[in-house]
Amino acid sequence: MYRIGEQELGRLRRLFESGRIFRYGQGCECDRFERDWARHSGTRYCRMTRSGTSALYTALVGLGVGPGDQVIVPSYTYMATALAVLSAGAIPVIADVDESLTLSAADVERRLTEYTRAIIPVHMVGLPCDMDGIMDLARRRDLLVLEDACQAVGGGYAGKALGGIGHAGAFSFNFFKNMTCGEGGAFVTSDERTYQRGSVAVDCCSFYWNPDEKREDLQFAGHNYRGSEVEGAILNVQLKRIDKMLATMREHKKELLQVGLDAGLQSVRNNSLDYECGTHLGFLFGSEAAARTFSQGLREAGVGSFLPMDTGRHVYTRWDPIMRYQGAHHPALDPFKIAANRKARVRYTEGMCQASLDILNRAVLVPMHPNNRRSRVRQMARAIRTAATA
Ligand SMILES: Cc1ncc(COP(=O)(O)O)c(C=O)c1O
């Protein structure tokens, strides 16, 4: 959600004039953002990364997930969620979403095996997962939970911040997200060991920057996915706006939802209407044809809308590297081929999450925007009423 203005420019000008654009030993923008984002997420630690994908991967390393493990991901998410599992050496197992368009706790339970180590609930299009159901299952079956909050930055569930409910949470700050610095990401956790191990994965020089850390369990080869002061400076400004932006969108969403319900439409299940992001209003139809007619009607009235089934690489049937079992650039590193995963491997088929396809083909999402004025919201309401009648 691109909203960058004078405040960001002023902060960047001051940063460049200071010349302190490296995060360690020079600048303080990343340190400040990590402190404040951890606080906003209700967690103890935050580590900035290069992207949401690297946030997911480094958090999985932090949690100790690796070869021999299965990790459950939803059928509806950007494919990076599943690919991050492969990067960590583990096997993604794909489970159905329910009428909330997010992971079904009941279906996760059906797909558990003795190799399941973790679950990645994804708060898609700003809609929170059923975190009570998922955390309850995780507790009963001793599983780790990594929340993918890349599309739900700043949102909440039942009064708690998304990303701060599971054992760790991952965020993206790319161009399309609720807070953006062009490209960027972060993971959060309250567990010190997860944070330290994840930090090594983020920055192979972690020991050098933090010379107190001499622990043996942290001596493994990491990467360089660290955030920059430039990104930190922009995010520090964006963080001041996020709560108000989401509150505005939630208010618009609730108002338009009521319009839809009054017109006889069925809502997508909202797991936490009072705390979610409010970025998308969702309706469910009896058939794909009815969904397409409604969506077309909205677009003809100048209101954006789409079917989840139509969005790029967000449905499992379009995750080519997974569906073709191409898990790495080299077979010796490929989680689908290595011996450690012999028992954890699964078969992927087009029909393995048929219940999801059925729902994703019948849903229509209407994006909100914090810049929408009252007149625009009224126009959207009229369009929803008219399209519902058609
Ligand atoms: C649900 C989800 N997970 C992960 C990612 C990956 O984030 P990034 O593009 O910052 O790597 C995205 C980004 O679009 C996403 O939507």
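Refer to the preceding data block for the structure.
Residues numbered from 1 in each chain as written. Predicted model: local features only at pLDDT ≥ 70, side-chain atom pairs only at ≥ 80, totals over all residues. Heavy atoms only, no water.

Undergrad: Describe the sheet that holds strand β9 (residues 185–189), and please don't skip the residues or the numbers.
TA: Spatially, the seven strands line up as an open sheet ordered β1-β9-β8-β5-β4-β2-β3, and their pairing is mixed. Of all strands in the sheet, those bounded by a partner on one side alone are β1 (45–49) and β3 (91–95). Strand-to-strand, the axes of this sheet are offset by a mean angle of 25°, without reference to chain direction. Of the strand pairs in this sheet, β1 and β9 are connected by five bridges, and their pairing is antiparallel. Paired with C46 across the two strands is V188, which belongs to β9. (Pairing = 2+ DSSP bridges. Helix = DSSP H or I, 4+ residues; strand = E, 2+ residues; numbered from the N terminus. Axes fitted to C-alpha atoms, helices over the stretch in contact; angles between N-to-C directions.)

Undergrad: With reference to specific residues and values, describe the site of the ligand.
TA: Near the ligand lie 17 residues; those nearest to it are G52, T53, D148, S172 and K177. Measuring from an oxygen atom of the ligand, one finds a side-chain N or O atom of S172 at 2.7 Å. Side-chain polar atom of N174 to an oxygen atom of the ligand: 3.0 Å apart, as the coordinates give it. For the ligand, whose free accessible area comes to 390 Å², the fraction covered by protein is 91%. (Near = heavy atom within 4 Å. Polar contact = N/O pair within 3.5 Å; in protein donor to acceptor, adjacent residues only side chain to side chain. Areas by Shrake-Rupley, 256 points an atom, 1.4 Å probe, with all protein chains shown as cover.)

Undergrad: Summarise the layout of surface pockets; cite the residues concerned and give the values.
TA: Each pocket or cavity is described by its volume, and for the largest pocket that value is around 670 Å³. If you trace the largest pocket, you find 33 residues lining it, with Q151, N174, F176, K177 and H314 closest to the centre. Looking at the lining of the largest pocket, the elements that each hand over two or more residues are α3 (52–63) and α4 (80–87). Of all the elements, α3 adds the most residues to the lining of the largest pocket, at three residues. When grouped by side-chain class, the residues that make up the lining of the largest pocket number 15 nonpolar, 15 polar and three charged. (1 Å grid on protein atoms, 1.4 Å probe; cavity = no way out; pocket = protein on both sides within 12 Å on 5 of 7 lines; lining within 4 Å. Points joined across faces, edges and corners; volume = space filled by probe spheres on them. Nonpolar A, V, L, I, M, F, W, Y, C, P; charged D, E, K, R; others polar.)

Undergrad: I'd like a description of empty space enclosed by the protein, backed by residues and values.
TA: Within the structure shown, the criterion is met by two cavities of 30 Å³ or more. In this structure, the largest cavity spans a volume of roughly 40 Å³. In terms of lining residues, the largest cavity is bounded by M1, R3, N178, M179, Q238, R241, I242 and M245.

Undergrad: Can you explain a nonpolar patch on the surface? Please cite residues and give values.
TA: A cluster of nonpolar side chains, Y2, F175 and F176, forms an exposed patch at the surface whose accessible area comes to about 390 Å². With respect to the helices and strands, Y2 occurs in the segment before α1 (6–18). (Patch = residues over 30% accessible without salt bridge, like charges linked within 9 Å, V, L, I, M, F, W, Y side chains within 5 Å. Salt bridge = Lys/Arg side-chain N within 4 Å of Asp/Glu carboxyl O.)

Undergrad: Tell me about the packing of aromatic side chains, residues and numbers included.
TA: To describe a pair of aromatic rings, one takes the distance between the centres and the angle between the planes. Overall, the coordinates contain 13 aromatic pairs when judged by the stated rule. Measuring from centroid to centroid gives 6.1 Å for W37 and F173, while their planes differ by 80°, and the two rings are edge-to-face. Taken together, the residues W37 in helix α2 (residues 29–40) and F173 in the loop between β8 (168–172) and β9 connect sequence positions 136 residues apart. Overall, W37 belongs to the buried group, its relative accessible area being 1%. Its relative accessible area of 0% is what places F173 among the buried residues. (Phe/Tyr/Trp six-rings, centres within 6.5 Å; stacked < 30°, edge-to-face > 60°. Buried < 20%, exposed > 50% of the residue type's maximum accessible area, 1.4 Å probe, protein only.)

Undergrad: Help me get a handle on the side chain of H123, residues and values and all.
TA: Mapped onto the elements, H123 comes out in the loop between β4 (116–119) and α6 (131–141). Residue classification places H123 among the buried residues on the basis of a relative accessible area of 0%. In terms of polar contacts, H123 uses its side chain to reach the side chain of E147, at 2.8 Å. Residues within four places of H123 in sequence aside, it is in contact with P128, C129, M131, E147, D148, A149, Q151, A152 and L162. (Contact = heavy atoms within 4.5 Å.)

Fair warning: the whole summary comes from geometry, so function is off the table for now.
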